[in-house]
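Breakdown of the fold
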Amino acid sequence: MTAPNQKKMMLFGGRAFPELAAEVADCMEIEVAPAKLYDFANGEIMVRFLESVRGCDAFVLQSHTAPINQWIMEQLIMVDALKRASAKRITVVMPFFGYARQDKKSRGREPISARLIADLFATAGADRLMAVDLHTAQIQGFFDGPVDHLFALPILAGYLETKLNVRNVTVVAPDAGRVRVCERWTDRLGTPLAIIHKRRDPDVANQVKVFEVVGHVKGRTCILVDDMIDTGGTIVKAADALFEQGAERVIVAATHGVLSGPAIDTLKNSQISEVVITNTLPVAQSRSVTGRRAVTRAVPGASHSIGGCSVSYSSAISPTISSRMSSIVTRPAVPPYSSMTTARWMCSACMSRRSSSAGLLSGTQTAGRITDSTSSSVSPVGCSWMRRTRSFR
């Protein structure tokens, strides 16, 4: 895909989730660039692109799913290969930003791994990052370059609007960090907001001690909004707290379905009516489908039944990613307001200078009379004038 006066666009996909790369390519009416990726016997990753990438606008798409360290390393190697093959610009597309939860130091002697990941991609040669629903917006500042932060809110909210009576809906933030995101949901749906205050056990991962509900949820349908579902324990306990306060029904809307460990069994045994996720991460059929298929269906996407809980799997994140990629490629290379050219004349002998507008003077005059177009002064005879041009952006 090329635009007038623009570089050729090429899309490269890793092995973590090739189906998503194919969906994005279909939305943009291009093909995923051919590449050879394989592992050596000792686990090292080898990458080689089968077409020339010189001067191209490269997009490297990789979902950071399990095993997350392997796929992050593969994407880093792909970026390095593109840089060494003279790609003009490299944009790293990570629908799910790995290690995003480690964005600050909660206690002493802890790493800020999200910053480390951003630094690794910058060192590898990435010029731009693109991610969907970062765990916290401050991660954008970890990368010294443009970061495109995309949101799944229009997709998830649009799907639920078609199924629910929003006059009886309350949007619930599962913790204080999700309040700002949930405020956008309430602006979109026109519903009230409730907040769950939770206290985590600092010594045990994925464990929450206490839940307190702030807001009116009795007799209402509650939409729990979060950026990801990992083991499912936190979201299920939050739903139980809502039911204790008299909630009639609980629906979970999350962007990233990590679903690791016992997540499927946890959701299956919960009181949650439905879980809606996007396809930023792959969900294996062996893990996502238990029992018969549900009648409801996300558009576009699929819905499955896990016990009494319906999991709707929406694939509409692909148009969101492809739309932003198109806007990046078709932007003018140089904005019309940012180019200005000036000419400066300098004598190689006495270092005298004369300035003029570009295009009014040309060539080199030796021992001659040169009239400066800006001041109309006459240059002294005997100077050897050389014209130097500078462009400003």
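Residues numbered from 1 in each chain as written. Predicted model: local features only at pLDDT ≥ 70, side-chain atom pairs only at ≥ 80, totals over all residues. Heavy atoms only, no water.

Looking now at the sheet that holds strand 5 (residues 89–94). If you walk across this open sheet you meet the five strands as 1-4-5-6-7, and the pairing is parallel. Pairing within the sheet leaves two strands with one partner each, and these edge strands are strand 1 (9–13) and strand 7 (147–150). Strand-to-strand twist in this sheet, taken as the mean axis angle between neighbours without regard to direction, amounts to 15°. Of the strand pairs in this sheet, strand 1 and strand 4 (residues 57–61) are connected by five bridges, and their pairing is parallel. Note on strand 4: the bridge partner recorded for glycine 13 is leucine 61. (Pairing = 2+ DSSP bridges. Helix = DSSP H or I, 4+ residues; strand = E, 2+ residues; numbered from the N terminus. Axes fitted to C-alpha atoms, helices over the stretch in contact; angles between N-to-C directions.)

What follows covers the layout of surface pockets. What the second largest pocket holds in volume is close to 290 Å³. Forming the walls of the second largest pocket are 14 residues, and the residues nearest its centre are Thr136, Ala137, Gly177, Arg180 and Val181. Take the lining of the second largest pocket: its biggest share by element is three residues, from helix 5 (residues 179–189). A per-class count over the lining of the second largest pocket returns five nonpolar, five polar and four charged. (1 Å grid on protein atoms, 1.4 Å probe; cavity = no way out; pocket = protein on both sides within 12 Å on 5 of 7 lines; lining within 4 Å. Points joined across faces, edges and corners; volume = space filled by probe spheres on them. Nonpolar A, V, L, I, M, F, W, Y, C, P; charged D, E, K, R; others polar.)

With that settled, the discussion passes to the pairing of strand 5. Of all the six residues making up strand 5, five are buried; the element is thus mostly covered by neighbouring parts of the structure. Note that strand 4 and strand 5 share five bridges and pair parallel. Looking across to strand 5, one finds that leucine 61 is bridged to valine 93. Sheet topology note: the strand 5/strand 6 (residues 128–132) ladder contains four bridges and is parallel. Bridge assignment links valine 93 to a residue of strand 6, and that residue is methionine 130. Where the polypeptide runs from strand 5 across helix 3 (residues 113–124) and back to strand 6, its parallel neighbour, the crossover connection is right-handed. (Buried < 20%, exposed > 50% of the residue type's maximum accessible area, 1.4 Å probe, protein only. Right-handed = clockwise from strand over helix to strand, strands pointing away.)

With that out of the way, let us pick up the pairing of strand 12 (residues 249–257). The buried fraction of strand 12 amounts to eight of the nine residues, a majority that puts the element mostly inside the structure. Pairing of strand 11 (residues 221–229) with strand 12 involves eight bridges; the strand directions are parallel. Counterpart to valine 225 in the pairing with strand 12 is alanine 253. Between the parallel pair strand 11 and strand 12, the chain is carried across by helix 6 (residues 233–244), and the sense of this crossover is right-handed. As defined by bridge partners, strand 12 adjoins strand 13 (residues 274–278) across three bridges and the pair is classed as parallel. Counterpart to isoleucine 251 in the pairing with strand 13 is glutamate 274. Handedness of the crossover joining strand 12 and strand 13 through helix 7 (residues 263–268) is recorded here as right-handed.

Let us now look at the side chain of serine 322. Take serine 322: it is sitting in helix 9 (residues 317–329). Judged by relative accessible area, serine 322 falls into the buried class, the value being 5%.

In this section: the packing of aromatic side chains. Counted by the stated rule, this structure contains two aromatic pairs. Relative to phenylalanine 40, the ring of tyrosine 38 has its centre 5.6 Å away and its plane inclined at 75°; by these criteria the two rings are edge-to-face. Given a relative accessible area of 30%, tyrosine 38 falls into the partly exposed group. (Phe/Tyr/Trp six-rings, centres within 6.5 Å; stacked < 30°, edge-to-face > 60°.)

Before going further, it helps to spend a moment on the nonpolar core. Among the nonpolar cores identified, the biggest contains 41 residues, and Leu160, Trp185, Ile223, Ile321 and Met325 are the most heavily contacted of them. In this structure, tryptophan 185 is in contact with Leu153, Leu156, Ala157, Leu160, Val171, Gly190, Ile223, Val225 and Ala253, ignoring residues within four places of it in sequence. Leu37, Ile90, Phe121 and Ala131 belong to the second largest nonpolar core, which has 34 residues in total. (Core = buried A, V, L, I, M, F, W, Y, C linked by side-chain atoms within 4.5 Å. Contact = heavy atoms within 4.5 Å.)

Let us look at helix 6. The end-to-end C-alpha distance of helix 6, which contains 12 residues, comes to 17 Å, matching closely the 16 Å that a straight helix rising 1.5 Å per residue would cover. The complete set of buried residues in helix 6 reads Thr234, Ile235, Val236, Ala238, Ala239, Ala241 and Leu242. Remark: glycine 246 follows helix 6 within two positions and exhibits a positive phi of approximately 95°. (Expected span 1.5 Å × (residues − 1).)

For the pair helix 2 (residues 68–84) and helix 3, the least separation of the axes is 8 Å and the interaxial angle reads 25°. For the element pair helix 2 / helix 3, the angle class is roughly parallel. Contacts between helix 2 and helix 3 involve Ile72, Gln75, Leu76, Val79, Asp80 and Lys83 on the former and, on the latter, Ile117, Leu120, Phe121, Thr123 and Ala124. Classifying every residue of the contact of helix 2 with helix 3 by side-chain character gives seven nonpolar, two polar and two charged. (Parallel < 35°, antiparallel > 145°, perpendicular 65-115°, else oblique.)

Applying the stated criterion to the full structure yields 14 salt bridges. Among the ionic pairs, arginine 115 bridges to aspartate 119, the shortest N-O distance being 3.0 Å. Of the two residues, arginine 115 and aspartate 119 are both situated in helix 3; the distance of four residues between them amounts to about one turn of the helix. By relative accessible area, arginine 115 is classed as partly exposed at 34%. Take aspartate 119: its relative accessible area is 32%, and that puts it in the partly exposed class. Here glutamate 274 ties to lysine 163 by a salt bridge, and the two come within 2.9 Å at their closest N and O atoms. With glutamate 274 in strand 13 and lysine 163 in the loop between helix 4 (153–161) and strand 8 (169–173), the pair connects residues that are 111 residues apart, well separated along the chain. Within this structure, Arg15, Asp39 and Glu74 form a network of salt bridges that share partners. (Salt bridge = Lys/Arg side-chain N within 4 Å of Asp/Glu carboxyl O.)

For the pair helix 1 (residues 18–28) and helix 9, the least separation of the axes is 9 Å and the interaxial angle reads 55°. Classed by the angle they form, the pair helix 1 and helix 9 counts as oblique. The way helix 1 lies across helix 9 gives a crossing that is right-handed. Residue-level contacts link Leu20, Glu23, Val24, Cys27 and Met28 of helix 1 to Ile317, Ser318, Pro319, Ile321, Ser322, Met325 and Ser326 of helix 9. Considering only residue class, the contact of helix 1 with helix 9 consists of eight nonpolar, three polar and one charged. (Left-handed = near helix turned anticlockwise from the far one by under 90°.)

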